[in-house]
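# Structural features, examined
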There are 4 protein chains.
Amino acid sequence: MSRVTVIAGVGPGLGESLARKFAREGSPVALFARSIDYLKELASDIEQNGGSALPVQVDLTSPEDIRSGFKQVKKELGTVDILINHASAANWKGMQDTSADEFENAWRVTTFSGFLCSKQVVDDMVQQGSGTSLFTGATSSVRGAAGSIGFASGKFGMRGMAQSMARELGPKGIHVAHIIIDGQINSPRVRKMMPDREEHTFLHPDAITDNYWHLANQDKTTWTLELDLRPSVEEF
Amino acid sequence: MSRVTVIAGVGPGLGESLARKFAREGSPVALFARSIDYLKELASDIEQNGGSALPVQVDLTSPEDIRSGFKQVKKELGTVDILINHASAANWKGMQDTSADEFENAWRVTTFSGFLCSKQVVDDMVQQGSGTSLFTGATSSVRGAAGSIGFASGKFGMRGMAQSMARELGPKGIHVAHIIIDGQINSPRVRKMMPDREEHTFLHPDAITDNYWHLANQDKTTWTLELDLRPSVEEF
Amino acid sequence: MSRVTVIAGVGPGLGESLARKFAREGSPVALFARSIDYLKELASDIEQNGGSALPVQVDLTSPEDIRSGFKQVKKELGTVDILINHASAANWKGMQDTSADEFENAWRVTTFSGFLCSKQVVDDMVQQGSGTSLFTGATSSVRGAAGSIGFASGKFGMRGMAQSMARELGPKGIHVAHIIIDGQINSPRVRKMMPDREEHTFLHPDAITDNYWHLANQDKTTWTLELDLRPSVEEF
Amino acid sequence: MSRVTVIAGVGPGLGESLARKFAREGSPVALFARSIDYLKELASDIEQNGGSALPVQVDLTSPEDIRSGFKQVKKELGTVDILINHASAANWKGMQDTSADEFENAWRVTTFSGFLCSKQVVDDMVQQGSGTSLFTGATSSVRGAAGSIGFASGKFGMRGMAQSMARELGPKGIHVAHIIIDGQINSPRVRKMMPDREEHTFLHPDAITDNYWHLANQDKTTWTLELDLRPSVEEF
C-alpha cells in the first residue's frame, strides 16, 4: 500500500531509519530537516534502492517553512497519509539555568512544530476518513526530571496534544499514537560519545522503526495510543 | 522460530485467536482451560492446519492443576519460551454487592493465577537467558471504576506484578509486557448479546493477536512494557 | 466533632501517631493490631491524655477477627465514621525468591484486609450518608519495583480497590482517599537500623498524620482521591 | 508567620479566595492581573479586614509586565516566599478549530507565564533555602480531551515543568506542588451561567483555598507533589 509519509525531523539515527523503512515498504517519503545537503544525499540513496523520497528544507520552528514544505509535498506527492512528528530539542538544563528563550525554543521545536505540521494534514485526513499521526516522545514525556525543564515541559505538552488529537480524531478515522522512547538511541554520534558502552544497551533505530511501522499498520479496531520502548537492560 | 508457548486461559475469542496464530507461526502451543472438550476440538483443528497443539485441562484457580499442567507441558513440549497470562474473571459488582468470596476469587483468577503460572517458567527462562511473558490487562487495570471492584483490584494487582517482573527479569533476558484492552472484544457470545452493535466498534481478536505477536518478536533493544488497544470509535 | 475512628494496623510510628492525633481531636479511636499488650498500653496513655481509645486484638489476615473486632467497636463506640486502612506487609523479595504463600500473604494483609474492614463499615456509612475511608499506600502502589513483587502487587490491588470505592461511594457521601507515602517513615525501629541517617531525610509520623487529618476534614465539594508525601530531599 | 505571597492570576473566584485567606493568615499578598480597578478594590477590602495587599497590573503573557511586577513586589514587600501560579486560558476548541495563534496563546498563559514568574523568584528562594511554588492544574493536566487541545497541551506542559522544578528544587528547600482541580469552581459568573445546578456540585473556592493553605504549610519531611480535588458527586 502506497501512503504518502512526511517525516518531520530527519537526521542520522531514528529519522533516517524511518525514512528508509517506510520507503522500502512502498511509501513515498517526504524528508523535513534544515540540512538540505544531508537530506538530498539520503533521498538519492533511497531512490537508488527503489524507493521514492522528497527532500524538503524545513526549519521546524518556522511556521512559514512548515507551510511551504507541506505545500510542496501535496503538490509533488499528493495528500499526506502518514505524519511522523519527530522533532526534538533535548536541552539538559534545570530551572535555574534555563533562559526564557531556551524554554520557549524547546516548546517551539517539541510541541509547536507538531501542532503546525498536524494542522497542515488533519483536514485532508478527516476528509478522506483515514490517516496516521505518530509522535516521538521520551521518558521526559511522563516524568519531569531535574535538569531538563524545557525538554520535559515541551514533551509533556506534546503528549497532551497527542491525547487530545487521538480522542478528537479517532472517531473520524485518524490514528494518533505517541511513542515513549526510554533510553539512548544508537547513532554514529552517540557511539562516538560513549565508545565503551555495549551496543545492546542502546535502542537500535531499525528496531524502533519496526514499532512505528507496526503502529502505522494496526487494524482500525485495535489502535494503540501509547507504547513505550526500552532496551532489556534499561533501569526504569 | 519454534518457541513453546503456553496460553493460560483459552476460550472462543482472543484466547483461541492467539493459539491459532502462534501455532501457524510455528510455535507448539499448550492450551490451558477447564473445558477439555473444547480444548481438544481446538487442538485437533490446529493440528489439521499443520500446527502443533497440546490441550491441558487446568482450573487456573488451582495451584495443583497449574503445577501438573506445566509438568505435562515441559515433558511433552520442553521448556516454555512464551507464557500468555490470559485468565480473567470479569465481575460487574461494586463494593456493597461484592462478597468476600467473590473478591478473593477475582484475585485468584486474575492476579494469583498469573503469579503461579509465571513461577513455573521463570527460573527456566532465566537459565536460558530468554523468554516472554505477556499479561492481558483491561481498562480496569489503570482505572478503578464504580461497579467492578473485584475485577479492578485484581487487574491492578496483575499490573503491579507485571511491572515488578519486567524490572527484575528484563536484565536477565526475559521480556514482560502488559496489554491494556480497552473496549469490547468481538466474540460469538458478545455478538449474540449485542446483535445491533456495529462490528467495527468491537476489538477484533485477530487484530489483537497481531499485537501480541508483535510484542513477542520485539528486538531485545526495544522492548515494550505496556501497550493499549482500542477501536477507533471507542471513547476513552 | 466526635467521629468514631478505626485504625486497622497500629504500631509504633504512623499508626500510633494517627491514634493519638485523632483522639486528641475528640474522636474515640479503636486500635486494631495483633499485639494486645502494646495496644492496651497505648490506649491507656491516650486515655490519660483525655482521649478515648479501645484496644482490640485483631489479626488483619483473619476474616473472623475482623468481623468480631468491628462487632465490638460498634457495640462499644457506635457506628464507624472514619476507617484508616493501614495494614502493610513489606516483603522485599523478587519473583524468583517469592513463594506462593508469601505472595498470597502480602495480598491478604495489604489488599484483602482493606476490603474486609471496609465491608464492615460501608453499609452503615451509606445509610448515614457520610464517612471517610483512608488507605495507606506506598511508592510501590504506583510503580512495581524489582525485588518487591508481593508488596507491589498487593499495593496496586489496594489502589484499584480504593479508586473503585471512591467512584462508587463518593456520590453517596463517603470520602475515599489513598495516600502514597514515598520514603522511609521515622520510627524507633528504623532509626535503630539507620543510626547515621539524618532525621530530616525520614518522613515524620506526626507530619504524615496532619495530612490524614486534613483529608478527613475536607469539605464535601473538594475531596482528594490521591495525595503523595515525601521528604524534601527524597529522590523520586 | 508572615510570608510574602504572589498570586499570579487573580479574579473573582479562586484567585480572590486565595488572596483573602493568605492575607488573613498574616501574609502580605501581591495580586497580579490585568484589571487594575478590580485588584485595587479587592486590595482595599483586604486592607480594611486587617490584611496587607498590593495590587499590580500585570498581563501574564507579557515578559516585560512580569519582570516589572516582581520588581515592584520585591521593592515594596521584600523577597517572595510563596508563588501561586494561577493563570489559565480555557479554550474549548479541538485540533481542527484551533488556530496557531490560539494554541500559542494557551501555552503563553498557562505554561510560559508560570515559567517566567518562577524565574523571578527561584534564585532568591534557593538563596534563603525555603519557598513554596503552587501550580493550579486541571483535569486536562492529566488527560487530553477532545475539544480542548490548546488548554490540555498547555496544562500538560505546566505539569511537566512543575515536576521538573519539584525534583530540582526540593533538595534546595523549595516546595513545588501541583493541584488538579477536577470540576467546575463556584463563582458568580459560573452560577449565572448554570442557575439550576445545585451548589454542592461545584467546588467551593474557599474549600480549595484550604487545600492550598495546607500545602503551603506542610512539614519539610512530608511534601506533596500532586493532589486532586473534586466535588463528592463528580464523575471521574
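Refer to the structure printed above.
The paragraphs below set out a description of the structure included in this document. This one's a predicted model, so the numbers in the text were calculated from it and none came from an experiment.

### With respect to the relation of the copies chain C and chain B
When chain C is brought onto chain B, the operation consists of a screw motion whose angular component is 180 degrees and whose axial shift is 0.0 Å, with 0.0 Å RMSD remaining. Here the symmetry operator amounts to a two-fold rotation axis. In terms of C-alpha distance to the rotation axis, chain C has Gly157(C) as its closest residue, with the C-alpha 2.1 Å off the axis. Comparing interface residues between copies, 100% of those in chain C also sit at the interface in chain B, which points to an isologous, same-surface contact.

### Re the packing of aromatic side chains
All chains considered together, the criterion is met by 34 aromatic pairs over all chains. Taking the centre distance of 4.7 Å and the plane angle of 15 degrees together, the rings of Trp107(B) and Phe112(B) count as stacked. Residue classification places Phe112(B) among the buried positions, given a relative accessible area of 3%. Ring pairing ties together the aromatic residues Phe103(A), Trp107(A), Phe112(A), Phe115(A), Phe103(D), Trp107(D), Phe112(D) and Phe115(D), which thus form one cluster. Against the face of Phe202(C) rests Arg197(C), its NZ or CZ located 4.2 Å from the ring centre. Over the aromatic face of Phe236(D) sits the side chain of Arg230(D), whose NZ or CZ is 3.8 Å from the ring centroid.

### Section: the pairing of strand β2 (residues 29-33) of chain C
All names here are of chain C. Within β2, five of the five residues are buried, which leaves the element mostly enclosed by the surrounding structure. Taking every second residue as pointing to the same face, both faces of β2 are buried, with Val29, Leu31 and Ala33 on one and Ala30 and Phe32 on the other. As defined by bridge partners, strand β1 (residues 5-8) adjoins β2 across four bridges and the pair is classed as parallel. Looking at the pairing, Val6 lines up with Ala30 of β2. Remark: the β1/helix α1 (residues 14-24)/β2 crossover connection has right-handed handedness. Between the parallel pair β2 and strand β3 (residues 53-57), the chain is carried across by helix α2 (residues 36-48), and the sense of this crossover is right-handed.

### Examining the side chain of Gln163(D)
Tracing the backbone through its elements, the reader meets Gln163(D) in helix α5 (residues 149-169). A polar contact is formed between the side chain of Gln163(D) and the backbone nitrogen of Gly144(A), at a distance of 2.9 Å. With sequence-adjacent residues up to four places away left out, Gln163(D) is seen in contact with Val142(A), Arg143(A), Gly144(A), Phe156(A) and Leu225(D).

What counts, and at which threshold
- Residues numbered from 1 in each chain as written.
- Chains lettered and ligands numbered in written order.
- Predicted model: local features only at pLDDT ≥ 70, side-chain atom pairs only at ≥ 80, totals over all residues.
- Heavy atoms only, no water.
- Least-squares fit on C-alpha atoms with pLDDT ≥ 70 in both.
- Contact = heavy atoms within 4.5 Å.
- Phe/Tyr/Trp six-rings, centres within 6.5 Å; stacked < 30°, edge-to-face > 60°.
- Buried < 20%, exposed > 50% of the residue type's maximum accessible area, 1.4 Å probe, protein only.
- Lys NZ or Arg CZ within 6 Å of the ring centre and 35° of its normal.
- Helix = DSSP H or I, 4+ residues; strand = E, 2+ residues; numbered from the N terminus.
- Pairing = 2+ DSSP bridges.
- Right-handed = clockwise from strand over helix to strand, strands pointing away.
- Polar contact = N/O pair within 3.5 Å; in protein donor to acceptor, adjacent residues only side chain to side chain.

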